[in-house]
Amino acid sequence: MIAKQRVLTDEMIAEIKALFPRYPTKQAVTLPALHIVNEKLRNVPLEAIVEIAALLELAPAQVQDTLSFYGMFKQNGPHGKVRAWVCRSISCALRGGDEILNHLCHHAGIKPGETTVNGALTLEFAECLGACEYAPCMLANQTLHKNLTNESAEAFLKEVTAK
Amino acid sequence: MPVPKSESVLLANVGKSESWTLRAYEASGGYKGMRKVFKEMSPVETTEMVKSSGLRGRGGAGFPTGLKWTFLPKDHPGPIYMCINADESEPGTFNNRILMEDDPHQVLEGIIISCYATKATTAYLYLRYEYPLCWDRLQSAIDECYAKNLLGKNILGSEFSLDIFLHKGAAAYICGEETGLIESLEGKRAWPRIKPPFPAVEGAFRKPTVVNNIETVACVTHIANRGVDWFKSMGVPPDPKNPRDAGSYGPKLYCLSGHVNQPGCYEAPLGITCRELIDEFGGGVWKNRKGKAAIPGGISMGLLTEPEFDTKLDFNALGKVGCLGLGTAAVVVMDETVSIVDFLHNSCRFFQHESCGQCTPCREGTAWALRMLNRMKAGKGRLKDLDLLLEIGDSIGIIPGTTICGLADGAAWPIKNAIRKFRGEFEDYIKRTNPNGYAVTEPVPALVELQTH
Ligand SMILES: Cc1cc2nc3c(=O)[nH]c(=O)nc-3n(C[C@H](O)[C@H](O)[C@H](O)COP(=O)(O)O)c2cc1C
Ligand code: SF4
Ligand code: FES
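Residues numbered from 1 in each chain as written. Chains lettered and ligands numbered in written order. Predicted model: local features only at pLDDT ≥ 70, side-chain atom pairs only at ≥ 80, totals over all residues. Heavy atoms only, no water.

1. So, the overall build of chain B
What counts, and what does not: Secondary structure elements are defined from DSSP: runs of H or I of at least 4 residues count as helices, runs of E of at least 2 residues count as strands, and each element is numbered from the N terminus. To get the radius of gyration, use the C-alpha atoms; to get the globule rule, take the number of residues to the power 0.38 and multiply by 2.2 Å. Here's how the labels work: a residue is buried when its accessible area is under 20% of the maximum for its type, exposed when over 50%, partly exposed in between, all with a 1.4 Å probe on protein chains only. Residue contacts follow a heavy-atom distance rule, with two residues in contact if any of their heavy atoms lie within 4.5 Å. Areas reported as accessible are Shrake-Rupley estimates using a 1.4 Å probe. Residue values count occlusion only from the protein chains shown. Neither His nor the chain ends is counted toward charge; the positive residues are Lys and Arg and the negative residues Asp and Glu. One atom stands in for each charge, and that atom is NZ of Lys, CZ of Arg, CG of Asp or CD of Glu.
Scanning chain B for helices and strands turns up 17 helices and eleven strands. Its C-alpha atoms give chain B a radius of gyration of 23 Å, within 12% of the compact-globule value 22 Å for 453 residues. The 453 residues of chain B split such that 61% are buried. Looking at chain B alone, contacts between residues at least 24 apart form 70% of all its contacts between residues at least 6 apart. Per element, the accessible surface of chain B, about 17,000 Å² overall, is 54% carbon and sulfur. Between the centroid of the 51 positive side chains of chain B and the centroid of its 52 negative side chains there is a distance of 2 Å.

Okay, here's the thing in structure tokens:
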């Protein structure tokens, strides 16, 4: 019989285990573990849930329950190489945030929450990104894009899809 | 117009070169207050100092910080936990981000002093996912502290040991509610807990826990360094007419955004008016337009009308004009072109998305409020909807006593303020957009959400 391929790599497992001493329970490492897997795989497939649960000595349902509460972790295939959140909350909305998201979606040919066919970009809405002085704004992976206009949004799309 | 800019203390280092490094922080006098506390004061005296300063929590609820610390059980065998709330997600709010990005050591010094006072030996700093630069700056500041024995075992040769760990959130507003934060930290869905027991008695991992906001602990740094009298020299004393007002002392970081010329984070003594903030710090309403309304302290706090801009932004005055409170002191300005219907739609959309779903009045109330606003915006609104919305607004939340946490009050206040302060505008909008159906009172179908997102 061929052993089933593991989803978590040795490095991920080591990274997760290194966090155990920080908390009095292993369950507290749930979110950190989900982040570690998500950073590498750009989603957290069900097989990963089972493996995380085994590491944390939990039932897979406990880990899945926590995951399903947060909007953060996809399970239906990886998100794009760039994951971009466009803010739709009040300060951004007052300066055209909704329109920027529509504009980006229109030009990328996707709806919010979807990924372009080449896997380059996932577009999503966000609630307040805590950068309201730069409204309208967007967080793309680790980079905050400030004071967006239709032009700068298009330039961003061009750059992302060229990669 | 004279700009009443007082000395910046919380923002003093912001904008200076490499302000986030230990070297720069110590060069500007950093970690002096902490050294003084460690040398001269016991934990009880430190708590007493914070109590007598009148410092009230900056995270939204405005609870007196020193008093909260005294609720911890005496002579507890430990561990006691400190949870630092850096989930900052209230729409309009970004001052915690600036403190963490540009002056993380000021925050860490406050955490160390607060943990010393409360005898907490582990602090978890719960940071929202959307702040990657804060994460990096805080982590390297923490590393610097360990290297210099400002953190770790027997700090600076004292008996006191402390670890600070960063913990990353996952994009949910409710993780900012203190017991939602604790549940999330423990690895569960962020469902707020029924109180009591309060966290001070039974919090993280069922141990006594203090939850404090980033700006609150930054204030602790300066109280230790400059003293109680300095802190109390700023702000507004208790209102003699309101026996429940504990006063509004100290400096405050006001966030200003929306339709102003210079959005930004401004430091001023507690108690400046909304109009002063807009005109003297923010350069006035943009495009030479008039203001129409403003959110006084994050969207949960409701709405000020233009004439109410003269209200003081402190812990007491906002209640007198029907707002929920000071909240996070984040002011969002709307100019005369804004439709209050659009504002309320945006607010209802936010709270429907962020309700954790645990309490039926909040889950269903926020969802139905959004459905009604969607219908209104689709030209199918009815005058009756305004009464239904008010019924929701008046019945969800911990103030009416129907829900577990304050998110529902935050959802209710914009509904109540918008409709009660701008009812005529809503009625005109409904009659104009639904000339044949505005008076209908029989049930009508909900519509799917109109906007694509
Ligand atoms: C829905 C909701 C969201 C909240 N979000 C935050 C937040 O993001 N940051 C924060 O410090 N406090 C937030 N609070 C307030 C906390 O529950 C708590 O009062 C605060 O963290 C205590 O710290 P402080 O006394 O230093 O202000 C929120 C409260 C509610 C009801
Ligand atoms: S009031 Fe709303 S957000 Fe708070 S616990 Fe209840 S359902 Fe959750
Ligand atoms: S409202 Fe968009 S960043 Fe705050």
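There's more to say after this.
2. Some points on the environment of Lys81(A)
Residues and elements named next belong to chain A. Note that Lys-81 resides in the loop between helix 4 (60–69) and strand 1 (82–87). Along the sequence, Lys-81 and His-103 sit 22 residues apart, while their C-alpha atoms lie 20 Å from each other. Those residues within four positions of Lys-81 in sequence are excluded, and the remaining contacts are Arg-42, Gly-119, Ala-120, Leu-121 and Asn-141.

3. Description of the site of ligand 1
Residue and element names in this part refer to chain B. The following threshold applies: Proximity criterion: a residue is near a molecule or strand once any of its heavy atoms comes within 4 Å of it. In protein, a polar contact means a hydrogen-donor-capable atom and an acceptor-capable atom, both N or O and within 3.5 Å, with residues adjacent in sequence counting only if both atoms are side-chain atoms; elsewhere, any N or O pair within 3.5 Å suffices. We call Asp, Glu, Lys and Arg charged. Ala, Val, Leu, Ile, Met, Phe, Trp, Tyr, Cys and Pro are nonpolar, and the rest, Gly among them, are polar.
For ligand 1, the set of nearby residues contains 19 residues, the closest of which are Gly-59, Asn-85, Asn-212, Asn-213 and Thr-216. One of the backbone nitrogen or oxygen atoms of Gly-176 is found 3.2 Å away from a nitrogen atom of ligand 1. The separation between an oxygen atom of ligand 1 and a polar main-chain atom of Val-211 is 3.5 Å. Top element by residues in the shell around ligand 1 is strand 4 (residues 209–213). It accounts for three residues. Tallied by class, the residues present in the shell around ligand 1 amount to four nonpolar, nine polar and six charged.

4. Quick look at the site of ligand 2
Lining the immediate environment of ligand 2, one finds 13 residues, of which Cys356(B), Gln358(B), Cys359(B), Cys362(B) and Cys405(B) sit closest. For the shell around ligand 2, the residue count by class is nine nonpolar, four polar and no charged.

5. Comments concerning the sheet that holds strand 4 (residues 143–145) of chain A
All names here are of chain A. What counts, and what does not: Pairing between strands is defined by DSSP: at least two bridges between them are needed. The convention used is that axes are lines fitted to C-alpha atoms, helices contributing only their stretch in contact, and that angles between N-to-C directions extend from 0 to 180 degrees.
Spatial strand order, 2-1-3-4: four strands in an open sheet with mixed pairing. Every other strand in the sheet has two partners, leaving strand 2 (121–126) and strand 4 as the edge strands with one partner each. Recorded for the sheet is a direction-independent mean angle of 20° between the axes of neighbouring strands. Pairing geometry for strand 1 and strand 3 (residues 138–140), over three bridges, is antiparallel. Considered in strand 3, the bridge of Trp-85 is made with Leu-139.

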